[in-house]
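Here is how the chains run, residue by residue.
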Amino acid sequence: MFPGSSIHTEITAYQNIFDVECTDIRSRIWTNGVSLWAGLPSMTKQIWKPNDNKMSCFFFLSLCDVNFVVCQLCALLTAVWFRLYLHPSKTSPFVRHVVATLLGIYFALFCFGWYALHFLLQSGITYGIMILTGVEHMHKYCLVVALGYLSFCQITRVYVFDYGMYSADFTGPMMVITQKITSVAFEIHDGMARKEDQLNQSQKLLAIRRMPSLLEYFSYNCNFMGILAGPTCSYNDYIAFIEGTPYRHRELETKGKVNGKSRLNDPSPNTEVIRKLATCFISLLVFLSVCKVCPVERNVDDDFIATTPFYAQVVYLYLSMLTTRPKYYFVWTLADAINNAAGFGFNGYDSDGLPRWDLISNLRIMNIELATSFKVFLDNWNIQTAHWLKRVCYERCPYNPTAATFLLSAMWHGAYPGYYLTFLTGIVITLAARAVRHNVRPYFLGSPTHKFVYDVITWAATQIAICYTVVPFVLLSVGPSLKFYRSWYFCIHIGCILLAIALPVKPRHLRLKEQQSAVQPSLENTDSNSNQKPKAS
């Protein structure tokens with residue numbers, strides 16, 4: 001043997017050992033790095049613990065949350081510039097479409113990195129479906145493909161990457177884009193494939209009579225005003241905003257004047273934007289102040305359940321769920337302010353001649369907090385999503401539209417089991433609330449005192465029912481959600497099922513027929529009165 005062969009063998013052995021050690025070190029670095037990244041919030045909490053200030057919750061925001069707020073504030077400033085310097089009177093719709101789209105893509109890339117390409121891919125695939133398929137069935141294909149693509153991304157984010165983490169949740173903007181894609185598809189179907197007498201009043205107003213261009217389609221889906229937090233809007237309203245041609249005039253318009261006041265064709269949104277920004281500031285301040293005071297998870301704590309009286313559990317449930325709403329108030333009101341700052345959202349004038357900027361508003365806070373029925377709460381919470389569900393599903397589903405609408409809403413929200421528990425519970429409560437309203441409410445309308453008593457009772461019942469329903473939505477998992485319902489002995493489920501069975505409610509198609517038959521005679525009387533010639537005096 002050569003003298004160097006043993007040395008070569010030893011070197012090879014040491015090299016193998018070194019490779020193994022390096023692999024082990026890389027593995028431990030990766031594991032510890034992931035653990036360190038996952039533990040950053042708790043580390044931050046320990047760092048800021050000496051301050052012992054509730055406002056230090058601000059420092060617990062994830063990097064994704066900070067990016068989102070920064071981008072939305074930049075979008076607000078950009079919206080003011082967009083309205084002042086790219087006004088329809090100063091530039092062409094083509095330039096406004098291009099700038100709005102490019103800025104939207106830039107903000108999306110800043111917040112979500114290359115995950116933002118899903119926004120373009122989802123929009124591109126569905127636009128190809130619109131072009132290649134006929135208008136007779138394109139709305140069905142777009143609904144299945146857009147919702148399927150969204151569900152695929154949600155499932156991979158939840159079960160492949162990290163369960164329960166909201167950081168870098170790129171599926172949030174995709175939820176809004178899915179609404180826009182399906183809305184456009186159904187509105188094109190209404191405008192190009194259905195007869196006029198087959199459409200209701202809302203469908204006639206929203207129907208699209210020509211196929212959008214690729215630029216218009218991407219501008220509608222990915223503009224900087226709504227790419228991060230929406231809200232969803234009508235395609236016709238958006239195009240009218242870009243082109244500078246008012247699309248909707250409200251019933252209060254009378255030859256350009258209201259109560260003798262001249263109307264401006266382009267009213268300033270500054271006052272409304274300032275008011276909504278003040279609402280955002282208050283909502284954020286409240287959320288950061290109370291976000292850790294009443295955690296929702298305490299509702300399923302064993303010691304809390306065992307030692308707390310039931311009435312105190314009810315009060316705590318209401319307070320804990322109440323503290324989760326301000327963050328939604330902040331996000332949706334800020335998104336509305338951004339659109340208004342760009343000049344989008346004008347909705348005519350009120351009876352006092354003041355401009356209304358609620359065309360695409362997503363919530364009415366006072367109506368939510370003072371809601372006296374499940375329906376009133378849902379009608380004022382996430383308004384544009386409720387409109388989308390109504391137009392896409394509820395008005396078009398021939399069988400069990402309520403159940404179908406809640407199921408579509410659960411699928412759209414995501415893959416967490418808690419969402420499905422929430423919306424399944426919502427079906428039962430909606431049916432019970434409808435039965436109570438139809439059968440019990442008429443007995444309390446005889447006097448103001450009785451109606452006031454009814455409103456107080458239904459307000460308390462509505463708030464508790466809402467909180468009871470959305471606990472799984474916050475907890476996300478099946479185990480804690482069922483644990484909470486077991487601690488309440490499923491009492492609201494059982495009570496609502498009994499009410500829905502005991503109190504009869506006519507099917508929806510029969511109620512619609514009665515409404516139509518009631519309206520028809522009044523229309524005939526109006527026509528006959530208008531056709532009568534005035535007598536000569």
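Residue positions are counted from 1 within each chain, in the order its sequence is given. Owing to the predicted nature of the model, reporting of local features is limited to residues with pLDDT of at least 70; listing and counting of side-chain atom pairs is limited to 80 or more, with chain, interface and lining totals taken over all residues. Each side-chain value is worked out from all heavy atoms of the structure, with water and hydrogens disregarded.

You'll find the chain entered in an unreviewed UniProt entry as Membrane bound O-acyltransferase domain containing 2b, with Culter alburnus given as the organism.

> Talk me through the environment of V184; I want residue IDs and the actual numbers.
Assignment of secondary structure puts V184 in helix α7 (residues 171-192). Here's how the labels work: a residue is buried when its accessible area is under 20% of the maximum for its type, exposed when over 50%, partly exposed in between, all with a 1.4 Å probe on protein chains only. Of the residues examined, V184 reaches a relative accessible area of 0% and is grouped as buried. Expressed as a C-alpha distance, the spacing of V184 and Y220, which sit 36 residues apart in the sequence, is 9.6 Å. Once residues lying within four places of it in the same chain are set aside, the contact partners of V184 are M130, I208, P212, Y217, Y220 and Y235. Only runs of H or I of at least four residues qualify as helices and only runs of E of at least two qualify as strands under DSSP, and these elements are numbered from the N terminus. We call two residues in contact whenever any of their non-hydrogen atoms come within 4.5 Å of each other.

> So what's going on with the side chain of S123? Residues and values would help.
Its place among the elements puts S123 in helix α5 (residues 117-132). The contact partners of S123, leaving out residues within four places of it in the chain, are I177, I181, Y217, F218, N221 and C222.

> Quick rundown of the nonpolar core? Include the residues and the values.
What we call a nonpolar core is a set of buried Ala, Val, Leu, Ile, Met, Phe, Trp, Tyr and Cys residues that are connected through their side-chain atoms within 4.5 Å. Membership of the largest hydrophobic core comes to 68 residues, with the highest contact counts inside it found for F82, F119, M130, V184, F224, Y238 and F241. Among the elements that make up this core, the one with the highest residue count is α7 (eight residues). In this structure, F119 is in contact with A108, F112, F170, P173, M174, I177 and I227, ignoring residues within four places of it in sequence. If you look at the next biggest cluster of nonpolar residues, it comprises 27 residues, including W332, I368, W381 and W488.

> Just give me the short version of the UniProt feature "transmembrane region" (unreviewed entry) in the chain, but keep the residues and values in it.
Taking the UniProt record as the reference, the feature "transmembrane region" (unreviewed entry) is found at residues 58-82, 94-121, 141-160, 418-436, 456-475 and 487-505. The annotated region residues 418-436 carries 100% helix and 0% strand content, and the separation between its end C-alpha atoms amounts to 27 Å. Across residues 456-475, the secondary structure splits into 100% helix and 0% strand, with the terminal C-alpha atoms separated by 29 Å. UniProt positions are given in the numbering used here, feature names are shortened, and annotations may be inferred rather than shown by experiment.

> Give a detailed account of α5, specifying residues and quantitative values.
Note on helix geometry: an α-helix contains 3.6 residues per turn, so any two residues three or four positions apart are oriented the same way. For α5, built from 16 residues, the straight-helix expectation of 22 Å at 1.5 Å per residue is met to within 8% by its first-to-last C-alpha distance of 22 Å. Turning to α5, its buried residues are F119, Q122, S123, T126, Y127, I129 and M130. The arc that holds every buried residue of α5, seen down its axis, measures 155 degrees, which confines them to one face. Any helix carries an expected span of 1.5 Å times its number of residues minus one. Each direction from the helix axis to a C-beta atom contributes to the arc, which is the arc of those directions.

> Outline helix α22 (residues 491-502), supporting the account with residue identities and numerical values.
In this model, α22 (twelve residues) spans 16 Å end to end at C-alpha, consistent with the 16 Å of a helix rising 1.5 Å per residue. Restricting attention to buried positions, one finds in α22 the residues I492, H493 and C496. Viewed end-on, α22 has its buried residues packed into an arc of 100 degrees, placing them on one side of the element. Exposed side chains of α22 directed beyond 90 degrees from the buried face belong to L498, I501 and A502. Contact partners of the buried residues in α22: α19 (417-439), α20 (448-475) and α21 (478-487).

> For the confidence of the model for the chain, give the residues involved together with the corresponding values.
Scored between 0 and 100, pLDDT is the confidence that the predictor attaches to each residue. The predicted model of the chain averages 82 in pLDDT, with 77% of residues at 70 or higher. Within the chain, the element-level pLDDT minimum falls on helix α2 (residues 40-48), averaging 34, and the maximum on helix α9 (residues 214-222), averaging 97. Note that pLDDT drops below 50 for residues 17-59; the model gives that stretch 16 contacts with residues more than four away or on any other chain. The low-confidence segment residues 526-537, where pLDDT is below 50, has zero contacts with residues more than four positions distant or belonging to other chains.

> How would you sum up a nonpolar patch on the surface? Please name residues and give values.
A cluster of nonpolar side chains, V66, V70, Y106 and F110, forms an exposed patch at the surface whose accessible area comes to about 370 Å². For the nonpolar patch, the secondary-structure elements that each account for two or more residues are α3 (63-85) and α4 (93-112). Note on placement: Y106 falls in helix α4. Residue Y106 is classed as exposed on the basis of its relative accessible area, which comes to 52%. To count toward a patch, a residue needs a relative accessible area over 30% and no salt bridge; like charges are then connected within 9 Å, while nonpolar side chains (Val, Leu, Ile, Met, Phe, Trp, Tyr) are connected within 5 Å. In this description, accessible areas are obtained by the Shrake-Rupley approach with a 1.4 Å probe, and a residue is regarded as covered only by the protein chains that are shown. Each reported salt bridge corresponds to a side-chain nitrogen of Lys or Arg within 4 Å of a carboxyl oxygen of Asp or Glu.

> Mind laying out the environment of L319, listing which residues take part and the relevant values?
As for its placement among the helices and strands, L319 is situated in helix α13 (residues 310-322). Along the sequence, L319 and V293 sit 26 residues apart, while their C-alpha atoms lie 9.7 Å from each other.

> Break down the pattern of salt bridges for me, with residues and values.
Throughout the structure, instances matching the rule amount to 13 salt bridges. Put simply, D190 and R396 hold a salt bridge, and the shortest N to O gap is 2.7 Å. In this pair, D190 is assigned in helix α7 and R396 in the loop between α17 (383-394) and α18 (401-413), connecting sequence segments 206 residues apart. Relative accessible area serves as the criterion here: at 2%, D190 is assigned to the buried category. We classify R396 as partly exposed; its relative accessible area is 24%.

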